[in-house]
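Chain residues, written in single-letter form:
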2 protein chains.
Amino acid sequence: MLSGKFAISVHILTLLTKFPNDYLSSEFIAGSINLNPVLVRKEIANLKAHNIVESKEGKNGGAKLSKAAANITLKEIFEMTFENIGLGYAKNQPNPDCPVGKKINQNLDDLYKEMNQKICSQLEGISLEDFSAQF
Amino acid sequence: MLSGKFAISVHILTLLTKFPNDYLSSEFIAGSINLNPVLVRKEIANLKAHNIVESKEGKNGGAKLSKAAANITLKEIFEMTFENIGLGYAKNQPNPDCPVGKKINQNLDDLYKEMNQKICSQLEGISLEDFSAQF
DNA sequence: CATACTGTAATAAATTATGTTACAAATTTA
DNA sequence: TAAATTTGTAACATAATTTATTACAGTATG
């Protein structure tokens, strides 16, 4: 998963923000996203690993935010779900004997690095609380 | 093709910039990218459709820039190869009976729209000539 | 007229993303 | 303590997307 990860995580977290006192089951969440509950649990596992969600097994179990939505920014979520953004690389090793082939990925990297900074500064300004308040 | 399109197009265009007076064959270009020549020709077809490249069939044919590299920005290339950037959507139709499901894609869209603007303004400041000069 | 290209279609292979099934372990509730 | 419900996770299956290959008609060059 790469494309949907951020969107799914934001969706999950928005739901958790809307019900801050409940443990929401993967089945309930999956019903809103229209996604398989196992995939929801996998995303939750990732969010747990990053300490913004906690979960409870067993009957009436589920997931719940482990910190206030006001203290979580979209930037953090972005960083938990994307290595970094970019417009792609040549997948194959470009020809190292060609001056262009030799440096293309490095130069693309530099470009994408700057792109990431801009995006991060945008996302840093939006808290999960802000985002959730739009619903 | 979505991931590699921008990177491949930039690679092609950088080569064309380096040899502004020659028609470069898809085979030559493919040798630098390490990609199948047919895929190179497909990307070139796209660049031709956007009028920044011209090509010649037959012996000693190939592709060539149709305008000065100084007058092509990375933003244009971005727009020729990406619909728009974003961090993905829930692929399935989210549940319209859930207030979050109902609006999630709209709200993500708004977020991504702003992201695109930032990226476009970055890319607009870099010409193909600038980019190619790094090699 | 032989050669070396493009353009494009059709198809295949590889990769990645998404979905499903299954089940052990945990927790609640009766 | 037993039944019910839920997580966590692995293994596997399917679907979608990307990348590669083959093939060949058409076109320009020399």
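Residues numbered from 1 in each chain as written. Chains lettered and ligands numbered in written order. Predicted model: local features only at pLDDT ≥ 70, side-chain atom pairs only at ≥ 80, totals over all residues. Heavy atoms only, no water.

J.: Mind laying out the protein's contact with DNA strand D, listing which residues take part and the relevant values?
T.: Near DNA strand D lie 29 residues; those nearest to it are Ser26(A), Lys48(A), Ser55(A), Asn92(A) and Leu35(B). A share of 66% of the atoms of DNA strand D within 4 Å of the protein falls on sugar and phosphate groups. Measuring from a phosphate oxygen of DNA strand D, one finds a side-chain N or O atom of Ser55(A) at 2.5 Å. Contact between DNA strand D and Lys59(A): a base oxygen at 2.9 Å from a main-chain N or O atom of the residue. Only helix H3 (37-49) and strand E1 (53-56) of chain A together with helix H3 (37-49) of chain B provide two or more residues apiece to the surface near DNA strand D. Among the residues forming the surface near DNA strand D, the class breakdown is six nonpolar, twelve polar and eleven charged. (Near = heavy atom within 4 Å. Polar contact = N/O pair within 3.5 Å; in protein donor to acceptor, adjacent residues only side chain to side chain. Helix = DSSP H or I, 4+ residues; strand = E, 2+ residues; numbered from the N terminus. Nonpolar A, V, L, I, M, F, W, Y, C, P; charged D, E, K, R; others polar.)

J.: Can you explain the environment of Asn46(B)? Please cite residues and give values.
T.: Residue and element names in this part refer to chain B. Tracing the chain through its elements places Asn46 in helix H3. The spacing of Asn46 and Ser9 is 37 residues in sequence and 9.1 Å in space, taken between C-alpha atoms. Every residue in contact with Asn46, bar those within four places of it in the chain, is listed here: Lys5, Met80 and Thr81. (Contact = heavy atoms within 4.5 Å.)

J.: Give me the lowdown on the pairing of E1(A), citing residues and values where you can.
T.: Bridge count for E1(A) against strand E2 (residues 62-65) of chain A is four bridges, and the pairing is antiparallel. By the bridge assignment, Ser55(A) is partnered in E2(A) with Ala63(A). (Pairing = 2+ DSSP bridges.)

J.: Explain the nonpolar core to me, using residue names and the numbers behind them.
T.: In this structure, Phe6(A) and Phe6(B) are the most contacted members of the largest nonpolar core, which totals 88 residues. When residues no more than four places from it in sequence are discounted, the contact partners of Phe6(A) are Leu74(A), Ile77(A), Phe78(A), Thr81(A), Phe82(A), Leu87(B), Leu108(B), Leu111(B) and Tyr112(B). (Core = buried A, V, L, I, M, F, W, Y, C linked by side-chain atoms within 4.5 Å. Buried < 20%, exposed > 50% of the residue type's maximum accessible area, 1.4 Å probe, protein only.)

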